[in-house]
Amino acid sequence: RPLCSDSDFKPQRKAFAPDGNVRAQIQAEIDANKVVVFMKGVPEAPMCGFSNTVVQVLRAEGVPFKGVNVLADPDVREGIKEF
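These numbers come from a predicted model, not from an experiment.

Visitor: Help me understand the nonpolar core in this model?
Guide: Grouped burial of nonpolar side chains is what soluble globular proteins tend to show. Judged by nonpolar contacts, F16, A17, V22, I26, V36, V68, V70 and V76 together constitute the single largest core of 8 residues. Once residues lying within four places of it in the same chain are set aside, the contact partners of I26 are F16, F38, G79, I80 and F83.

Here it is, written out as structure tokens:
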């Protein structure tokens, strides 16, 4: 019997595009924000060196931006590649 098999212990993911239309949601993010960084992790905790460097440069230059964590939703990760 697996340990912690109850669904309460499974990872909870918040869908990036609740209606399932990832392309439209990506476009909406771009339309709503002057700079959007589709990154691994979040601006407060980048999960790769490139994402970290981009965040550091934007902050050093005082550029307001929105970060979207592509690791949180596999559909976004694939969708941004096709966008």
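Visitor: Help me understand the side chain of S51 in this model?
Guide: Residue position: S51 is located in helix α2 (residues 49–60). Those residues in contact with S51 that lie beyond four places of it in its chain are M39, K40 and P46.

Visitor: What's the story with the pattern of salt bridges in this structure? I'm lost.
Guide: Any two side chains of opposite charge can pair if their charged atoms end up close together. Enumeration over the complete set of coordinates arrives at 2 salt bridges. A salt bridge links K66 to E29; the shortest N-O distance between them is 2.8 Å. Pair noted here: K66 is in strand β4 (residues 66–69) and E29 is in helix α1 (residues 22–32), with a separation of 37 residues, a long-range link. What makes E29 buried here is its relative accessible area of 10%.

Visitor: How should I be thinking about α2 in this particular structure?
Guide: Along an α-helix, residues three or four apart share an orientation, since each turn contains 3.6 residues. The terminal C-alpha atoms of α2, which comprises 12 residues, lie 16 Å apart, in line with the 16 Å expected from a rise of 1.5 Å per residue. Every buried residue belonging to α2 is among S51, V55 and L58, and all of these are buried. All buried residues of α2 lie within an arc of 70° about the axis, which places them on one face of the element. Opposite the buried face of α2, by more than 90 degrees, sit the exposed residues G49, F50 and A60. As for α2, its buried residues are in contact with β1 (36–39) and β3 (45–46). G62 sits one or two positions beyond α2 and adopts a positive phi of about 70°.

Visitor: Sorry if this is basic, but what is going on with the environment of R59 here?
Guide: Within the secondary structure, R59 sits in helix α2. Considering only alpha carbons, one finds R59 and P43, 16 residues apart in sequence, at a separation of 9.7 Å.

Visitor: It is not clear to me how the packing of α1 against helix α3 (residues 74–82) should be interpreted in this structure. Could you clarify?
Guide: Pairs of packed helices are described in terms of their axes, by the angle between the two and the distance that separates them. At their nearest, the axes of α1 and α3 sit 9 Å apart, and the two run at 75° to each other. Classified by the interaxial angle, the pair formed by α1 and α3 is roughly perpendicular. Within the contact between the two elements, α1 uses V22, R23 and I26 and α3 uses D75, V76, G79, I80 and E82. Of the residues that constitute the contact of α1 with α3, the class distribution is 4 nonpolar, 1 polar and 3 charged.

Analysis parameters
- Residues numbered from 1 in each chain as written.
- Predicted model: local features only at pLDDT ≥ 70, side-chain atom pairs only at ≥ 80, totals over all residues.
- Heavy atoms only, no water.
- Core = buried A, V, L, I, M, F, W, Y, C linked by side-chain atoms within 4.5 Å.
- Buried < 20%, exposed > 50% of the residue type's maximum accessible area, 1.4 Å probe, protein only.
- Contact = heavy atoms within 4.5 Å.
- Helix = DSSP H or I, 4+ residues; strand = E, 2+ residues; numbered from the N terminus.
- Salt bridge = Lys/Arg side-chain N within 4 Å of Asp/Glu carboxyl O.
- Expected span 1.5 Å × (residues − 1).
- Arc of directions from axis to C-beta.
- Axes fitted to C-alpha atoms, helices over the stretch in contact; angles between N-to-C directions.
- Parallel < 35°, antiparallel > 145°, perpendicular 65-115°, else oblique.
- Nonpolar A, V, L, I, M, F, W, Y, C, P; charged D, E, K, R; others polar.

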